[in-house]
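Letter by letter, the chains look like this.
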Amino acid sequence: MSLVAGVDSSTQACKVVIRDAATGALVRSGRAPHPAGTEVDPAAWWAALLTAFADAGGLDDVEAISVAGQQHGMIVLDAEGRVIRDALLWNDTRSARAARDLIAEVGADDYARRTGVVPVASFTATKLRWLRDEEPDAAARVAAVALPHDWLTWRLRGFGPAGESPLGPVLGELTTDRSDASGTAYWGPNGYDRELFVRALGHDAVLPRVLAPDEAAGRTPDGILVGAGAGDNAAAALGLDAAPGDVVVSIGTSGTVFAVTDAAVADPSGTVAGFADATGRRLPLIATLNAARVLDVTAGLLGVDHDELGRLALEAEPGASGAVLVPYFEGERTPNLPEATASFSGLTLANTTRSSIARAAIEGLLCGLADGLDAVRGQGVEVSRVLLIGGAAQNPAVRHVAAQVFDAPVIVPVPGEYVADGAARQARWALTGERPAWPLEVDAELESRPCGVIREQYARARA
Ligand SMILES: Nc1ncnc2c1ncn2[C@@H]1O[C@H](COP(=O)(O)OP(=O)(O)O)[C@@H](O)[C@H]1O
Ligand SMILES: O=C(CO)[C@@H](O)[C@H](O)COP(=O)(O)O
(Lines give C-alpha, C1' and ligand atoms only; values in the text may rest on other atoms or scores of the structure.)
(Ligands and ions follow the chains in the order given, each with its own letter.)
Protein backbone atom coordinates (compact mmCIF):
# COMPACT_ATOMS: atom_id res chain seq x y z
CA MET A 1 0.00 0.00 0.00
CA SER A 2 1.44 3.37 -1.06
CA LEU A 3 1.01 6.03 1.67
CA VAL A 4 1.02 9.81 1.47
CA ALA A 5 0.98 12.36 4.29
CA GLY A 6 -0.66 15.76 4.62
CA VAL A 7 0.04 18.44 7.22
CA ASP A 8 -2.06 21.34 8.47
CA SER A 9 0.18 23.70 10.45
CA SER A 10 -2.67 25.89 11.63
CA THR A 11 -3.02 28.59 14.24
CA GLN A 12 -3.77 26.36 17.21
CA ALA A 13 -2.18 23.03 16.29
CA CYS A 14 -0.24 20.91 13.83
CA LYS A 15 -2.36 18.11 12.40
CA VAL A 16 -0.97 15.20 10.30
CA VAL A 17 -2.94 12.66 8.28
CA ILE A 18 -1.46 9.59 6.57
CA ARG A 19 -3.66 8.22 3.83
CA ASP A 20 -3.71 5.36 1.30
CA ALA A 21 -2.56 7.01 -1.93
CA ALA A 22 -4.92 4.92 -4.04
CA THR A 23 -8.17 5.07 -2.05
CA GLY A 24 -7.64 8.03 0.27
CA ALA A 25 -8.51 5.86 3.27
CA LEU A 26 -7.18 7.30 6.52
CA VAL A 27 -4.45 5.01 7.88
CA ARG A 28 -2.95 7.05 10.75
CA SER A 29 -3.06 10.59 12.15
CA GLY A 30 -1.36 12.71 14.74
CA ARG A 31 -1.37 16.20 16.19
CA ALA A 32 0.55 18.53 18.47
CA PRO A 33 -0.46 21.92 19.95
CA HIS A 34 0.95 25.28 18.94
CA PRO A 35 1.69 28.16 21.32
CA ALA A 36 -1.12 30.68 21.76
CA GLY A 37 -0.76 34.28 20.67
CA THR A 38 -0.44 36.28 17.47
CA GLU A 39 3.34 36.20 17.28
CA VAL A 40 5.16 32.87 17.52
CA ASP A 41 8.73 31.60 17.16
CA PRO A 42 8.62 29.35 14.06
CA ALA A 43 10.85 26.91 15.94
CA ALA A 44 7.70 26.00 17.92
CA TRP A 45 5.95 25.03 14.68
CA TRP A 46 8.94 22.89 13.64
CA ALA A 47 8.96 21.15 17.02
CA ALA A 48 5.20 20.60 16.84
CA LEU A 49 5.55 19.15 13.32
CA LEU A 50 8.11 16.61 14.50
CA THR A 51 5.93 15.76 17.50
CA ALA A 52 2.87 15.33 15.29
CA PHE A 53 4.87 13.05 12.96
CA ALA A 54 5.80 10.88 15.94
CA ASP A 55 2.17 10.98 17.18
CA ALA A 56 1.16 9.71 13.72
CA GLY A 57 3.52 6.76 13.92
CA GLY A 58 6.35 8.26 11.91
CA LEU A 59 6.96 8.66 8.18
CA ASP A 60 9.10 5.57 7.44
CA ASP A 61 6.43 4.08 5.15
CA VAL A 62 5.32 7.37 3.56
CA GLU A 63 6.26 8.09 -0.07
CA ALA A 64 5.18 11.73 -0.37
CA ILE A 65 4.17 14.58 1.93
CA SER A 66 2.86 18.14 1.57
CA VAL A 67 2.57 20.89 4.16
CA ALA A 68 -0.39 23.26 4.25
CA GLY A 69 -0.46 26.05 6.75
CA GLN A 70 -2.03 29.14 8.19
CA GLN A 71 -1.72 31.90 5.63
CA HIS A 72 0.06 35.27 5.70
CA GLY A 73 2.46 34.70 8.62
CA MET A 74 5.63 36.81 8.29
CA ILE A 75 8.83 34.77 8.71
CA VAL A 76 11.95 36.91 8.17
CA LEU A 77 15.35 35.22 7.73
CA ASP A 78 18.87 36.68 7.81
CA ALA A 79 21.61 35.72 5.36
CA GLU A 80 22.48 32.68 7.50
CA GLY A 81 18.91 31.42 7.32
CA ARG A 82 18.22 32.29 10.97
CA VAL A 83 14.78 33.57 11.99
CA ILE A 84 15.30 37.25 12.88
CA ARG A 85 12.24 37.73 15.11
CA ASP A 86 9.08 35.86 16.05
CA ALA A 87 6.64 35.50 13.17
CA LEU A 88 3.64 37.85 13.11
CA LEU A 89 0.54 35.79 12.37
CA TRP A 90 -2.54 36.44 10.23
CA ASN A 91 -4.52 37.39 13.36
CA ASP A 92 -2.06 40.02 14.62
CA THR A 93 -3.54 43.47 14.06
CA ARG A 94 -0.58 45.71 14.93
CA SER A 95 0.00 46.39 11.20
CA ALA A 96 -3.45 47.95 10.68
CA ARG A 97 -1.94 51.42 10.23
CA ALA A 98 0.66 50.03 7.85
CA ALA A 99 -2.20 48.60 5.79
CA ARG A 100 -3.86 52.01 5.65
CA ASP A 101 -0.54 53.60 4.64
CA LEU A 102 -0.01 51.13 1.78
CA ILE A 103 -3.54 51.72 0.51
CA ALA A 104 -3.02 55.50 0.66
CA GLU A 105 0.24 55.17 -1.31
CA VAL A 106 -0.93 52.74 -3.99
CA GLY A 107 -4.70 53.17 -4.09
CA ALA A 108 -7.21 50.43 -3.38
CA ASP A 109 -8.25 50.05 -7.02
CA ASP A 110 -4.65 49.64 -8.21
CA TYR A 111 -3.80 47.28 -5.36
CA ALA A 112 -6.80 45.08 -6.16
CA ARG A 113 -5.95 45.13 -9.87
CA ARG A 114 -2.29 44.21 -9.28
CA THR A 115 -2.72 41.54 -6.57
CA GLY A 116 -6.40 40.65 -6.24
CA VAL A 117 -6.39 41.96 -2.66
CA VAL A 118 -6.47 45.24 -0.76
CA PRO A 119 -4.14 45.27 2.28
CA VAL A 120 -5.53 44.49 5.71
CA ALA A 121 -3.48 43.81 8.85
CA SER A 122 -3.59 40.04 8.19
CA PHE A 123 -1.56 40.25 5.00
CA THR A 124 2.21 39.76 4.94
CA ALA A 125 3.01 43.02 3.14
CA THR A 126 1.52 45.08 5.97
CA LYS A 127 3.61 43.18 8.52
CA LEU A 128 6.75 43.91 6.52
CA ARG A 129 5.84 47.61 6.44
CA TRP A 130 5.29 47.49 10.22
CA LEU A 131 8.72 45.88 10.60
CA ARG A 132 10.31 48.59 8.42
CA ASP A 133 8.73 51.35 10.50
CA GLU A 134 8.89 49.86 14.03
CA GLU A 135 11.94 47.54 13.95
CA PRO A 136 14.23 49.07 11.28
CA ASP A 137 17.36 47.24 12.47
CA ALA A 138 15.56 43.90 12.08
CA ALA A 139 14.15 44.97 8.70
CA ALA A 140 17.64 45.84 7.47
CA ARG A 141 18.83 42.30 8.28
CA VAL A 142 16.08 40.60 6.24
CA ALA A 143 17.62 38.45 3.49
CA ALA A 144 14.51 36.36 2.76
CA VAL A 145 10.78 36.35 3.60
CA ALA A 146 8.77 33.11 3.88
CA LEU A 147 5.29 32.05 4.93
CA PRO A 148 4.74 29.34 7.56
CA HIS A 149 4.17 26.53 5.03
CA ASP A 150 7.15 27.71 2.94
CA TRP A 151 9.53 27.65 5.88
CA LEU A 152 8.36 24.27 7.18
CA THR A 153 8.73 22.79 3.67
CA TRP A 154 12.27 24.23 3.45
CA ARG A 155 13.19 22.75 6.84
CA LEU A 156 11.56 19.42 5.95
CA ARG A 157 13.83 19.20 2.91
CA GLY A 158 16.87 19.57 5.16
CA PHE A 159 17.59 23.27 4.80
CA GLY A 160 17.99 25.74 7.65
CA PRO A 161 20.65 27.53 9.68
CA ALA A 162 24.09 25.95 9.74
CA GLY A 163 24.34 23.55 12.66
CA GLU A 164 20.56 23.05 12.71
CA SER A 165 20.16 21.42 9.31
CA PRO A 166 22.07 18.95 7.09
CA LEU A 167 21.98 21.14 3.97
CA GLY A 168 22.45 24.58 5.49
CA PRO A 169 20.87 28.00 4.76
CA VAL A 170 20.29 27.85 1.00
CA LEU A 171 17.74 30.68 0.72
CA GLY A 172 17.32 30.04 -3.00
CA GLU A 173 15.74 26.69 -2.12
CA LEU A 174 12.75 28.35 -0.43
CA THR A 175 9.53 27.44 -2.26
CA THR A 176 5.84 28.29 -2.01
CA ASP A 177 2.71 27.85 -4.11
CA ARG A 178 0.21 30.16 -5.85
CA SER A 179 -2.41 29.98 -3.12
CA ASP A 180 -0.16 31.08 -0.27
CA ALA A 181 1.71 33.59 -2.43
CA SER A 182 -1.64 35.20 -3.26
CA GLY A 183 -2.14 36.01 0.43
CA THR A 184 1.01 38.12 0.73
CA ALA A 185 -0.32 41.25 -1.03
CA TYR A 186 2.84 41.35 -3.17
CA TRP A 187 1.98 38.60 -5.66
CA GLY A 188 -0.40 38.72 -8.63
CA PRO A 189 -1.38 36.86 -11.79
CA ASN A 190 1.99 37.76 -13.33
CA GLY A 191 4.02 36.65 -10.34
CA TYR A 192 5.66 38.64 -7.56
CA ASP A 193 5.06 42.38 -7.67
CA ARG A 194 8.53 43.42 -6.56
CA GLU A 195 7.62 47.09 -6.45
CA LEU A 196 4.96 46.37 -3.83
CA PHE A 197 7.34 44.09 -1.89
CA VAL A 198 10.14 46.70 -1.80
CA ARG A 199 7.57 49.39 -0.96
CA ALA A 200 6.56 47.35 2.08
CA LEU A 201 9.92 46.16 3.45
CA GLY A 202 12.09 49.01 2.21
CA HIS A 203 14.49 46.80 0.24
CA ASP A 204 14.43 43.66 -1.91
CA ALA A 205 15.07 40.17 -0.56
CA VAL A 206 14.81 36.52 -1.55
CA LEU A 207 11.23 35.30 -2.04
CA PRO A 208 10.27 31.62 -2.33
CA ARG A 209 9.99 30.17 -5.82
CA VAL A 210 6.30 29.68 -6.69
CA LEU A 211 5.68 26.05 -7.65
CA ALA A 212 2.90 24.69 -9.83
CA PRO A 213 0.07 22.86 -8.02
CA ASP A 214 1.44 19.38 -8.78
CA GLU A 215 5.14 20.30 -8.70
CA ALA A 216 7.40 18.73 -6.10
CA ALA A 217 9.55 21.03 -3.98
CA GLY A 218 12.17 18.30 -3.58
CA ARG A 219 12.73 15.43 -1.15
CA THR A 220 13.43 15.03 2.55
CA PRO A 221 16.91 13.83 3.53
CA ASP A 222 15.28 10.39 3.83
CA GLY A 223 14.02 10.56 0.25
CA ILE A 224 10.32 11.33 0.80
CA LEU A 225 8.90 13.45 -2.02
CA VAL A 226 7.74 16.87 -0.78
CA GLY A 227 4.89 18.67 -2.55
CA ALA A 228 4.48 22.40 -3.05
CA GLY A 229 2.19 22.83 -0.07
CA ALA A 230 -0.56 25.44 0.11
CA GLY A 231 -2.38 27.99 2.19
CA ASP A 232 -4.80 26.27 4.54
CA ASN A 233 -8.02 27.36 2.90
CA ALA A 234 -6.88 26.38 -0.59
CA ALA A 235 -5.79 23.04 0.82
CA ALA A 236 -9.23 22.60 2.40
CA ALA A 237 -10.89 23.27 -0.97
CA LEU A 238 -8.63 20.59 -2.47
CA GLY A 239 -9.37 18.26 0.44
CA LEU A 240 -13.10 18.66 -0.19
CA ASP A 241 -12.76 18.48 -3.97
CA ALA A 242 -14.78 21.70 -3.97
CA ALA A 243 -16.26 22.56 -7.37
CA PRO A 244 -17.96 25.65 -8.77
CA GLY A 245 -21.24 26.13 -6.87
CA ASP A 246 -19.71 24.89 -3.63
CA VAL A 247 -18.94 27.52 -0.98
CA VAL A 248 -16.87 26.31 1.96
CA VAL A 249 -17.53 27.78 5.40
CA SER A 250 -14.76 26.88 7.81
CA ILE A 251 -15.18 27.59 11.53
CA GLY A 252 -11.74 27.10 13.06
CA THR A 253 -9.53 29.67 14.71
CA SER A 254 -10.46 31.82 11.73
CA GLY A 255 -13.83 31.90 10.13
CA THR A 256 -13.61 31.71 6.36
CA VAL A 257 -16.05 31.64 3.47
CA PHE A 258 -14.52 30.72 0.13
CA ALA A 259 -15.24 29.21 -3.26
CA VAL A 260 -13.32 27.82 -6.22
CA THR A 261 -13.81 29.82 -9.42
CA ASP A 262 -12.27 30.12 -12.87
CA ALA A 263 -12.81 33.87 -12.95
CA ALA A 264 -10.46 36.15 -11.00
CA VAL A 265 -11.95 38.37 -8.30
CA ALA A 266 -10.57 41.84 -7.51
CA ASP A 267 -12.74 43.61 -4.94
CA PRO A 268 -11.50 47.21 -4.45
CA SER A 269 -13.47 47.38 -1.19
CA GLY A 270 -11.09 44.75 0.20
CA THR A 271 -13.95 42.70 1.65
CA VAL A 272 -13.41 39.69 -0.63
CA ALA A 273 -9.81 38.62 -1.15
CA GLY A 274 -9.07 37.39 -4.66
CA PHE A 275 -6.76 34.56 -3.67
CA ALA A 276 -5.51 31.72 -5.87
CA ASP A 277 -6.47 28.12 -5.14
CA ALA A 278 -4.24 25.02 -5.08
CA THR A 279 -5.27 23.63 -8.47
CA GLY A 280 -4.62 26.53 -10.87
CA ARG A 281 -7.93 28.34 -10.37
CA ARG A 282 -9.09 31.12 -8.00
CA LEU A 283 -10.26 31.17 -4.36
CA PRO A 284 -12.34 34.27 -3.56
CA LEU A 285 -12.45 34.41 0.23
CA ILE A 286 -13.57 36.37 3.26
CA ALA A 287 -12.06 35.73 6.66
CA THR A 288 -13.11 36.68 10.18
CA LEU A 289 -10.77 36.92 13.13
CA ASN A 290 -13.49 35.68 15.52
CA ALA A 291 -14.76 32.16 14.87
CA ALA A 292 -14.49 28.99 17.00
CA ARG A 293 -12.96 30.88 19.87
CA VAL A 294 -16.20 32.87 20.24
CA LEU A 295 -17.71 29.59 21.41
CA ASP A 296 -14.66 28.71 23.49
CA VAL A 297 -14.89 31.97 25.43
CA THR A 298 -18.69 31.70 25.83
CA ALA A 299 -18.41 28.12 27.06
CA GLY A 300 -15.82 29.31 29.56
CA LEU A 301 -18.08 32.14 30.67
CA LEU A 302 -20.94 29.70 31.26
CA GLY A 303 -18.68 27.06 32.78
CA VAL A 304 -19.70 24.37 30.29
CA ASP A 305 -18.07 22.25 27.58
CA HIS A 306 -18.89 22.51 23.89
CA ASP A 307 -21.60 19.84 24.07
CA GLU A 308 -23.43 21.57 26.93
CA LEU A 309 -23.04 24.93 25.19
CA GLY A 310 -24.78 23.48 22.17
CA ARG A 311 -27.52 21.91 24.28
CA LEU A 312 -28.16 25.22 26.04
CA ALA A 313 -28.28 27.09 22.73
CA LEU A 314 -30.85 24.70 21.29
CA GLU A 315 -33.14 25.39 24.27
CA ALA A 316 -33.47 29.01 23.12
CA GLU A 317 -35.62 30.23 20.25
CA PRO A 318 -34.16 31.67 17.02
CA GLY A 319 -33.06 35.21 17.82
CA ALA A 320 -32.24 34.31 21.44
CA SER A 321 -35.25 36.37 22.59
CA GLY A 322 -33.52 39.51 21.37
CA ALA A 323 -30.08 38.93 22.90
CA VAL A 324 -27.35 39.69 20.34
CA LEU A 325 -23.58 39.21 20.50
CA VAL A 326 -21.41 41.07 18.00
CA PRO A 327 -18.31 38.91 18.63
CA TYR A 328 -15.41 41.22 17.75
CA PHE A 329 -13.28 39.89 20.63
CA GLU A 330 -9.98 40.31 18.75
CA GLY A 331 -10.99 43.29 16.66
CA GLU A 332 -12.38 42.09 13.34
CA ARG A 333 -11.05 41.61 9.81
CA THR A 334 -14.37 41.33 7.97
CA PRO A 335 -15.61 43.99 8.40
CA ASN A 336 -12.15 45.62 8.67
CA LEU A 337 -12.38 46.92 12.26
CA PRO A 338 -9.03 45.96 13.82
CA GLU A 339 -9.64 48.07 16.92
CA ALA A 340 -13.21 46.86 17.56
CA THR A 341 -14.32 44.95 20.65
CA ALA A 342 -17.17 42.51 21.25
CA SER A 343 -20.55 43.62 22.61
CA PHE A 344 -23.82 42.14 23.81
CA SER A 345 -27.00 44.10 23.12
CA GLY A 346 -30.73 43.64 23.57
CA LEU A 347 -30.28 42.14 27.03
CA THR A 348 -33.25 42.25 29.40
CA LEU A 349 -34.03 40.60 32.72
CA ALA A 350 -36.08 38.06 30.77
CA ASN A 351 -33.51 37.05 28.14
CA THR A 352 -30.28 37.19 30.10
CA THR A 353 -30.23 33.44 30.54
CA ARG A 354 -27.58 30.78 29.92
CA SER A 355 -29.54 29.50 26.93
CA SER A 356 -30.00 32.92 25.32
CA ILE A 357 -26.33 33.80 25.82
CA ALA A 358 -25.25 30.46 24.34
CA ARG A 359 -27.49 30.90 21.34
CA ALA A 360 -26.54 34.58 20.86
CA ALA A 361 -22.87 33.54 20.66
CA ILE A 362 -23.55 30.96 17.95
CA GLU A 363 -25.86 33.31 16.07
CA GLY A 364 -23.37 36.20 16.23
CA LEU A 365 -20.54 34.01 14.98
CA LEU A 366 -22.63 32.68 12.09
CA CYS A 367 -24.16 36.05 11.14
CA GLY A 368 -20.66 37.39 10.52
CA LEU A 369 -20.04 34.47 8.17
CA ALA A 370 -23.45 34.89 6.52
CA ASP A 371 -22.49 38.51 5.79
CA GLY A 372 -19.32 37.09 4.25
CA LEU A 373 -21.32 34.68 2.13
CA ASP A 374 -23.36 37.64 0.84
CA ALA A 375 -20.11 39.45 -0.03
CA VAL A 376 -18.70 36.43 -1.90
CA ARG A 377 -21.98 36.05 -3.77
CA GLY A 378 -21.81 39.77 -4.54
CA GLN A 379 -18.62 39.10 -6.51
CA GLY A 380 -20.59 36.96 -8.94
CA VAL A 381 -19.82 33.65 -7.25
CA GLU A 382 -22.50 30.98 -7.67
CA VAL A 383 -23.67 29.50 -4.35
CA SER A 384 -25.46 26.17 -4.70
CA ARG A 385 -24.50 24.62 -1.39
CA VAL A 386 -22.45 25.36 1.72
CA LEU A 387 -19.82 22.84 2.86
CA LEU A 388 -19.44 23.38 6.63
CA ILE A 389 -16.07 22.35 8.14
CA GLY A 390 -13.73 23.31 10.98
CA GLY A 391 -13.69 22.32 14.62
CA ALA A 392 -16.90 24.13 15.53
CA ALA A 393 -18.80 22.45 12.67
CA GLN A 394 -18.90 19.37 14.87
CA ASN A 395 -21.38 21.09 17.18
CA PRO A 396 -25.04 20.18 16.51
CA ALA A 397 -26.21 23.66 17.53
CA VAL A 398 -23.77 25.28 15.09
CA ARG A 399 -25.11 23.08 12.30
CA HIS A 400 -28.73 23.83 13.27
CA VAL A 401 -28.23 27.60 13.36
CA ALA A 402 -26.15 27.51 10.16
CA ALA A 403 -29.21 26.21 8.32
CA GLN A 404 -31.17 29.15 9.76
CA VAL A 405 -28.74 31.84 8.60
CA PHE A 406 -27.24 30.51 5.36
CA ASP A 407 -29.63 30.72 2.42
CA ALA A 408 -28.32 27.55 0.79
CA PRO A 409 -28.35 23.86 1.75
CA VAL A 410 -25.70 23.05 4.39
CA ILE A 411 -23.64 19.92 3.80
CA VAL A 412 -21.47 18.76 6.71
CA PRO A 413 -18.69 16.37 5.69
CA VAL A 414 -17.68 13.86 8.35
CA PRO A 415 -15.55 15.65 10.97
CA GLY A 416 -11.97 15.62 9.80
CA GLU A 417 -8.86 17.60 8.99
CA TYR A 418 -9.70 18.78 5.47
CA VAL A 419 -6.72 21.10 5.25
CA ALA A 420 -4.35 18.22 5.95
CA ASP A 421 -6.42 16.02 3.65
CA GLY A 422 -5.93 18.53 0.85
CA ALA A 423 -2.20 18.47 1.47
CA ALA A 424 -2.26 14.66 1.29
CA ARG A 425 -4.14 14.85 -2.02
CA GLN A 426 -1.49 17.26 -3.31
CA ALA A 427 1.27 14.90 -2.20
CA ARG A 428 -0.37 12.06 -4.16
CA TRP A 429 -0.73 14.37 -7.16
CA ALA A 430 2.99 15.27 -7.05
CA LEU A 431 3.91 11.59 -6.59
CA THR A 432 1.87 10.17 -9.48
CA GLY A 433 1.10 13.17 -11.68
CA GLU A 434 -2.60 12.41 -11.26
CA ARG A 435 -4.92 14.41 -8.98
CA PRO A 436 -6.72 11.86 -6.76
CA ALA A 437 -10.50 11.42 -6.89
CA TRP A 438 -10.93 10.25 -3.31
CA PRO A 439 -14.57 10.05 -2.11
CA LEU A 440 -15.98 12.71 0.27
CA GLU A 441 -18.00 11.28 3.15
CA VAL A 442 -20.97 13.36 4.32
CA ASP A 443 -22.13 13.40 7.95
CA ALA A 444 -25.26 15.56 7.62
CA GLU A 445 -27.30 17.49 5.06
CA LEU A 446 -29.51 20.34 6.31
CA GLU A 447 -32.08 22.19 4.24
CA SER A 448 -31.89 25.97 4.42
CA ARG A 449 -34.59 27.26 6.80
CA PRO A 450 -33.79 31.00 7.12
CA CYS A 451 -35.07 32.73 10.27
CA GLY A 452 -35.06 36.40 9.30
CA VAL A 453 -35.07 37.69 12.87
CA ILE A 454 -31.55 36.35 13.47
CA ARG A 455 -29.77 38.37 10.80
CA GLU A 456 -32.12 41.36 11.04
CA GLN A 457 -31.37 41.98 14.73
CA TYR A 458 -27.67 41.26 14.18
CA ALA A 459 -27.53 43.85 11.37
CA ARG A 460 -29.10 46.43 13.68
CA ALA A 461 -26.69 45.58 16.50
CA ARG A 462 -23.50 45.83 14.44
CA ALA A 463 -24.56 49.01 12.58
N1 LIG B 1 -17.81 20.46 19.35
C2 LIG B 1 -17.28 21.70 19.24
N3 LIG B 1 -18.08 22.80 19.38
C4 LIG B 1 -17.57 24.04 19.27
N5 LIG B 1 -16.26 24.30 19.01
C6 LIG B 1 -15.43 23.24 18.87
C7 LIG B 1 -15.88 21.90 18.98
N8 LIG B 1 -14.80 21.07 18.78
C9 LIG B 1 -13.73 21.87 18.59
N10 LIG B 1 -14.10 23.16 18.64
C11 LIG B 1 -13.21 24.33 18.49
O12 LIG B 1 -12.67 24.34 17.18
C13 LIG B 1 -11.39 24.99 17.20
C14 LIG B 1 -10.39 24.12 16.46
O15 LIG B 1 -10.86 23.99 15.13
P16 LIG B 1 -9.79 23.77 13.96
O17 LIG B 1 -10.55 23.81 12.68
O18 LIG B 1 -8.96 22.58 14.27
O19 LIG B 1 -8.90 25.08 14.16
P20 LIG B 1 -7.59 25.56 13.34
O21 LIG B 1 -7.39 24.58 12.22
O22 LIG B 1 -7.95 26.92 12.91
O23 LIG B 1 -6.48 25.56 14.35
C24 LIG B 1 -11.00 25.21 18.65
O25 LIG B 1 -11.20 26.56 19.01
C26 LIG B 1 -11.97 24.28 19.40
O27 LIG B 1 -12.26 24.74 20.69
O1 LIG C 1 -6.05 34.47 7.38
C2 LIG C 1 -6.64 33.48 7.00
C3 LIG C 1 -7.14 33.40 5.59
O4 LIG C 1 -6.93 34.62 4.88
C5 LIG C 1 -6.87 32.35 7.96
O6 LIG C 1 -7.72 31.36 7.40
C7 LIG C 1 -5.55 31.74 8.36
O8 LIG C 1 -5.07 31.00 7.24
C9 LIG C 1 -5.66 30.92 9.63
O10 LIG C 1 -6.25 29.72 9.41
P11 LIG C 1 -6.72 28.73 10.61
O12 LIG C 1 -5.63 28.65 11.62
O13 LIG C 1 -7.98 29.30 11.18
O14 LIG C 1 -6.95 27.42 9.95
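Since the model is a prediction, treat every value here as computed from it, not as a measurement.

Colleague: I'm lost on the nonpolar core in this one. Help?
Modeller: Here is a general trend for soluble globular proteins: nonpolar side chains tend to be buried in one another's company. Counting residues in hydrophobic clusters, the biggest one holds 54 residues, and the most contacted among them are Ile 251, Leu 295, Leu 366, Leu 369 and Phe 406. Ranked by residue count, the leading element in this core is helix H12 (residues 354–377), at twelve residues. Aside from chain neighbours lying at most four places away, what touches Phe 406 is Val 249, Leu 366, Leu 369, Ala 370, Leu 373, Val 386 and Ser 448. One finds Val 76, Leu 102, Leu 128 and Phe 197 within the second-largest nonpolar core, a separate group that totals 50 residues.

Colleague: I'm lost on the site of ligand 2 in this one. Help?
Modeller: Every one of the 14 residues lining ligand 2 counts as a neighbour, but Thr 11, His 72, Asp 232, Ser 254 and Arg 333 are closest to it. A distance of 2.4 Å separates an oxygen atom of ligand 2 from a polar side-chain atom of Thr 11. Ser 254 is positioned such that a nitrogen or oxygen atom in its side chain is 2.7 Å from an oxygen atom of ligand 2. Expressed as a share of its isolated accessible area of 370 Å², the protein-covered part of ligand 2 is 95%. A class-by-class count of the residues in the shell around ligand 2 yields three nonpolar, nine polar and two charged. When residues are assigned to domains, the shell around ligand 2 turns out to be shared by domain 1 (3–228) and domain 2 (241–462), each giving three or more.

Colleague: What exactly am I supposed to notice about the sheet that holds strand S22 (residues 383–389) here?
Modeller: Two strands in a sheet stick together by hydrogen bonds in their backbones, pointing the same way (parallel) or opposite ways (antiparallel). With respect to topology, seven strands assemble into an open sheet ordered S18-S19-S17-S16-S22-S23-S24, the strand pairing being mixed. Only two strands of the sheet have a single neighbouring strand rather than two, namely strand S18 (273–276) and strand S24 (442–446). Strand-to-strand twist of the sheet, defined as the mean angle between neighbouring strand axes without regard to direction, takes the value 25°. Pairing of strand S17 (residues 255–259) with strand S19 (residues 282–288), which is carried by four bridges, proceeds in the antiparallel orientation. The partner of Val 257 across the bridge, within S19, is Ile 286.

Colleague: In this structure, what is going on with the pairing of S18? I would like to understand it.
Modeller: The side chains of a regular strand alternate, first on one face of the sheet and then on the other. Both faces of S18 are covered, namely the face carrying Ala 273 and Phe 275 and the face carrying Gly 274 and Ala 276. Sheet analysis places S18 next to S19, joined by four bridges and oriented antiparallel. Paired with Phe 275 across the strands is Leu 283, a residue of S19. Hairpin connection between S18 and S19: a loop of five residues separates the two successive antiparallel strands, and Gly 280 in this loop has a positive phi of roughly 105°.

Colleague: How should I be thinking about unusual backbone geometry in this particular structure?
Modeller: Pro 335 follows Thr 334 through a cis peptide bond whose omega is 10°. Here the phi dihedral of Ala 185 falls at roughly 75°; this positive angle occurs in a residue that is not glycine. Mapped onto the elements of the fold, Ala 185 is located in the loop between helix H7 (178–181) and strand S10 (187–188). Positive phi, close to 55°, is recorded for Asp 241, a residue that is not glycine.

Colleague: Any chance you could explain the packing of H12 against helix H13 (residues 396–405) here in plain terms?
Modeller: Interhelical geometry of H12 versus H13 gives an angle of 50° and a closest axis separation of 10 Å. Overall, the two elements H12 and H13 adopt an arrangement that is oblique. Between H12 and H13 the crossing geometry is right-handed. Of the residues in H13, those in contact with Arg 359, Ile 362, Glu 363, Leu 366, Cys 367 and Ala 370 of H12 are Ala 397, Val 398, His 400, Val 401, Ala 402, Gln 404 and Val 405. Tallied by class, residues from the contact of H12 with H13 come to nine nonpolar, two polar and two charged.

Colleague: Help me out: how do you make sense of the pairing of strand S1 (residues 3–9) in this one?
Modeller: Summarising burial for S1: seven of the seven residues are buried, a large majority. With burial as the criterion, each face of S1 is covered, one bearing Leu 3, Ala 5, Val 7 and Ser 9 and the other bearing Val 4, Gly 6 and Asp 8. Examined bridge by bridge, S1 and strand S5 (residues 62–69) share seven bridges and lie parallel to one another. Bridge pairing links Val 7 to Val 67 in S5. Bridge analysis of S1 against strand S2 (residues 13–20) gives seven bridges, and the strand direction is antiparallel. Pairing of Ala 5 across the sheet is with Ile 18, part of S2. Here S1 folds back onto S2 in antiparallel fashion, the turn holding three residues.

Rules and cut-offs
- Residues numbered from 1 in each chain as written.
- Chains lettered and ligands numbered in written order.
- Predicted model: local features only at pLDDT ≥ 70, side-chain atom pairs only at ≥ 80, totals over all residues.
- Heavy atoms only, no water.
- Core = buried A, V, L, I, M, F, W, Y, C linked by side-chain atoms within 4.5 Å.
- Buried < 20%, exposed > 50% of the residue type's maximum accessible area, 1.4 Å probe, protein only.
- Helix = DSSP H or I, 4+ residues; strand = E, 2+ residues; numbered from the N terminus.
- Contact = heavy atoms within 4.5 Å.
- Near = heavy atom within 4 Å.
- Polar contact = N/O pair within 3.5 Å; in protein donor to acceptor, adjacent residues only side chain to side chain.
- Areas by Shrake-Rupley, 256 points an atom, 1.4 Å probe, with all protein chains shown as cover.
- Nonpolar A, V, L, I, M, F, W, Y, C, P; charged D, E, K, R; others polar.
- Domains from an automatic or database assignment.
- Pairing = 2+ DSSP bridges.
- Axes fitted to C-alpha atoms, helices over the stretch in contact; angles between N-to-C directions.
- Parallel < 35°, antiparallel > 145°, perpendicular 65-115°, else oblique.
- Left-handed = near helix turned anticlockwise from the far one by under 90°.

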